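Structural characterization, general
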Amino acid sequence: ETNSQTTGVMSSMQSNSSVNVTFVRPATFFLNGFSNMPHVKYYYVFLSLVYVLTVLGNSFIMCIIYSAHRLHTAKYVAVFHLALSDLCGSSALIPQVMDTFLFDHQVVSYEACLASMFFVFHFMNLQSLTLLVLAYDRLVAICSPLRYHVIVTKPAMFLIIGVMWIFSVTYLSVIVGLVNRLSFCGSNVLNSYFCDHRPVYRLACNDNSMNILMGKISFGLLICTPLIMIIITYFCIVLALLKIAHCADRIKAMKTCTSHLMLVAISYLPIISNNITSITIYSDSNTGIINTSLTQTIPPMLNPIIYTLKTEEVMQSIKELYKRHK
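Residues numbered from 1 in each chain as written. Predicted model: local features only at pLDDT ≥ 70, side-chain atom pairs only at ≥ 80, totals over all residues. Heavy atoms only, no water.

UniProt annotation of "transmembrane region" (unreviewed entry) refers to residues 42-64, 76-94, 114-136, 157-179 and 217-242 when read in the numbering used here. Note that residues 42-64 is 100% helix and 0% strand, and that its end C-alpha atoms are spaced 33 Å apart. From the first C-alpha to the last, residues 217-242 spans 36 Å; its make-up is 100% helix and 0% strand. (UniProt positions renumbered as here; feature names shortened; annotations may be inferred. Helix = DSSP H or I, 4+ residues; strand = E, 2+ residues; numbered from the N terminus.)

So, in structure tokens, the structure goes:
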């Protein structure tokens with residue numbers, strides 16, 4: 001009898017433990033972004049145009065860097081990587097949005113949703129980290145010009161980019177892995193235009209405190225920290241520029257930073273303002289969704305335009321390649 005009681009207790013514990021490790025996952029999610037929006041098809045046309053310009057612009061600048069020998073430097077390895085990240089990030093997001101809403105494929109499988117979340121945030125993270133690397137490049141160029149070619153080398157740049165990839169893939173695997181530990185026993189409707197992290201974990205019916213914490217850590221680590229480090233970098237650059245005696249030399253040195261500063265402004269300011277707004281006043285409204293979608297799609301389109309028009313080396317390389325082709 002004692003043995004049977006013991007067996008009963010053991011089986012009860014096993015059933016309890018099996019309940020504890022069972023996660024209810026929906027077969028699909030339903031993306032509900034852009035719902036009830038008047039004239040929404042015009043916005044889809046606009047996004048399609050943005051995507052075409054993003055592909056053309058970033059492909060163009062990658063071709064120029066690849067073709068022009070004068071651009072085969074460590075700095076332009078980072079610029080090439082930024083263009084590649086912009087291209088891949090937009091390709092992970094915009095075609096999917098077009099397919100989802102323009103062709104009424106709003107039902108997305110659970111696995112495809114998590115994969116989409118990973119790739120969209122991975123390439124956004126790489127864009128952010130590459131801007132930090134380009135700030136470091138400008139810091140060394142202005143503060144230690146004589147040692148620049150010793151410190152900022154192509155092998156060093158490839159190593160930095162490799163570390164960035166390893167960090168980003170590992171970190172976002174943890175984020176997505178934590179989502180995989182949530183149970184979704186209620187609604188499967190996502191009030192977003194893609195499988196965004198916050199709308200997904202908000203649907204969970206078990207403890208999602210770790211996901212909330214990781215969301216806040218991600219904002220601080222992946223967005224605020226690179227921006228703060230870029231600001232510190234430019235503070236050091238300004239101090240170095242003040243030591244330059246001739247005003248003309250000072251302006252010339254500062255001009256090499258203008259394109260990067262513009263990229264930082266158009267990349268970080270909308271993201272920071274959007275995140276602060278969503279933390280203080282959470283809204284699933286169409287306005288919030290449009291703001292977020294513009295924040296994710298416009299900077300990758302503008303980055304190659306700014307680098308082409310505002311960087312003298314790139315413009316000179318385009319002219320040389322054009323003459324050679326003629």
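Over its 25 residues, helix 10 (residues 286-310) runs 35 Å from end to end, which matches the ideal 36 Å to within 8%, given 1.5 Å per residue. Along helix 10, the helix axis deviates most sharply at L302, where the bend reaches about 25°; the proline P304 sits within four residues downstream. (Expected span 1.5 Å × (residues − 1). Bend = angle between axes of the 7 residues up to and from the residue.)

What follows covers the layout of surface pockets. Here the second largest pocket is characterised by a volume of approximately 840 Å³. Taken together, 26 residues line the second largest pocket, and the ones lying closest to its centre are K75, R138, K252, T256 and E313. Per element, the largest residue contribution to the lining of the second largest pocket is seven residues, and it comes from helix 9 (residues 247-280). Of the residues that constitute the lining of the second largest pocket, the class distribution is nine nonpolar, eight polar and nine charged. (1 Å grid on protein atoms, 1.4 Å probe; cavity = no way out; pocket = protein on both sides within 12 Å on 5 of 7 lines; lining within 4 Å. Points joined across faces, edges and corners; volume = space filled by probe spheres on them. Nonpolar A, V, L, I, M, F, W, Y, C, P; charged D, E, K, R; others polar.)

A separate point is the side chain of Q106. Looking at the secondary structure, you find Q106 in the loop between helix 3 (74-102) and strand 2 (107-109). The exposure class of Q106 is buried, given its relative accessible area of 18%. When neighbours within four sequence positions are excluded, Q106 is seen to be in contact with F29, F30, L31, N32, T100 and F101. (Buried < 20%, exposed > 50% of the residue type's maximum accessible area, 1.4 Å probe, protein only. Contact = heavy atoms within 4.5 Å.)

Per the stated rule, a full pass over the model turns up three salt bridges. Linking R138 and D137 is a salt bridge whose minimum nitrogen-to-oxygen distance equals 2.8 Å. Residue D137 is classed as buried on the basis of its relative accessible area, which comes to 0%. (Salt bridge = Lys/Arg side-chain N within 4 Å of Asp/Glu carboxyl O.)

Another point: the packing of aromatic side chains. Applying the stated criterion across every chain, the model contains 14 aromatic pairs. Ring geometry for F34 and Y43: centres 5.6 Å apart, planes at 55°, overall tilted. Accessibility assignment for this pair places F34 and Y43 in one class, buried. With a centroid separation of 6.0 Å and 50° between ring planes, the pair formed by F121 and F194 is classed as tilted. Separated by 73 residues along the polypeptide, F121 in helix 4 (residues 110-143) and F194 in the loop between strand 3 (189-190) and helix 7 (197-201) bring together distant segments of the chain. Through successive ring pairs, a cluster of aromatic residues spans F34, Y43, Y44, F46, F101, F121, Y193 and F194. (Phe/Tyr/Trp six-rings, centres within 6.5 Å; stacked < 30°, edge-to-face > 60°.)

A surface patch of nonpolar side chains, amounting to about 400 Å² of accessible area, comprises F167, M210, L213, I217 and L221. Broken down by element, the nonpolar patch gets its largest block of residues, four residues, from helix 8 (residues 209-242). You can see L213 is positioned in helix 8. (Patch = residues over 30% accessible without salt bridge, like charges linked within 9 Å, V, L, I, M, F, W, Y side chains within 5 Å. Areas by Shrake-Rupley, 256 points an atom, 1.4 Å probe, with all protein chains shown as cover.)

One open sheet holds the three strands; their spatial order is 2-1-3, and the pairing between them is mixed. Since the sheet does not close on itself, it has two edges, and those belong to strand 2 and strand 3, each with one partner. Of the strand pairs in this sheet, strand 1 (residues 28-31) and strand 2 are connected by three bridges, and their pairing is antiparallel. Along strand 2, the bridge assignment pairs F29 with V108. Sitting on the sheet, helix 4 touches strand 1, strand 2 and strand 3, and the angle it makes with strand 2 is about 85°. (Pairing = 2+ DSSP bridges. Axes fitted to C-alpha atoms, helices over the stretch in contact; angles between N-to-C directions.)

Where empty space is left can be seen by rolling a probe of water-molecule size over the atoms. Counted according to the given criterion, the structure contains two cavities of 30 Å³ or more. Of the voids in this model, the largest cavity is the one considered here, and its volume is about 60 Å³. Around the largest cavity, the lining residues are G89, S90, L93, V120, M124, Q127, Q296 and P300. Breaking the lining of the largest cavity down by element, the ones donating at least two residues are helix 3, helix 4 and helix 10. Of the residues in the lining of the largest cavity, the class split is four nonpolar, four polar and no charged. Each pocket or cavity is described by its volume, and for the second largest cavity that value is around 30 Å³. Every residue lining the second largest cavity is listed: N58, I61, V79, L82, A83, D86, N303, P304 and Y307.

This part takes up the state of the cysteines. The full count for this structure, using the stated rule, is two disulfides. Disulfide partner of C113: C195, at an S-S distance of 2.0 Å. Where C113 bonds to C195 through sulfur, the torsion about that S-S bond is close to -125°, and the disulfide is left-handed. Here C113, found in helix 4, pairs with C195, found in the loop between strand 3 and helix 7; they are 82 residues apart in sequence, far enough to count as distant. Both residues of the pair, C113 and C195, count as buried. In the protein chain, numbering the disulfide-bonded cysteines from first to last in sequence yields the connectivity 1-3, 2-4. Cysteine C88 is unpaired, with the sulfur of C63 as its nearest cysteine sulfur at 14 Å. (Disulfide = S-S within 2.5 Å.)

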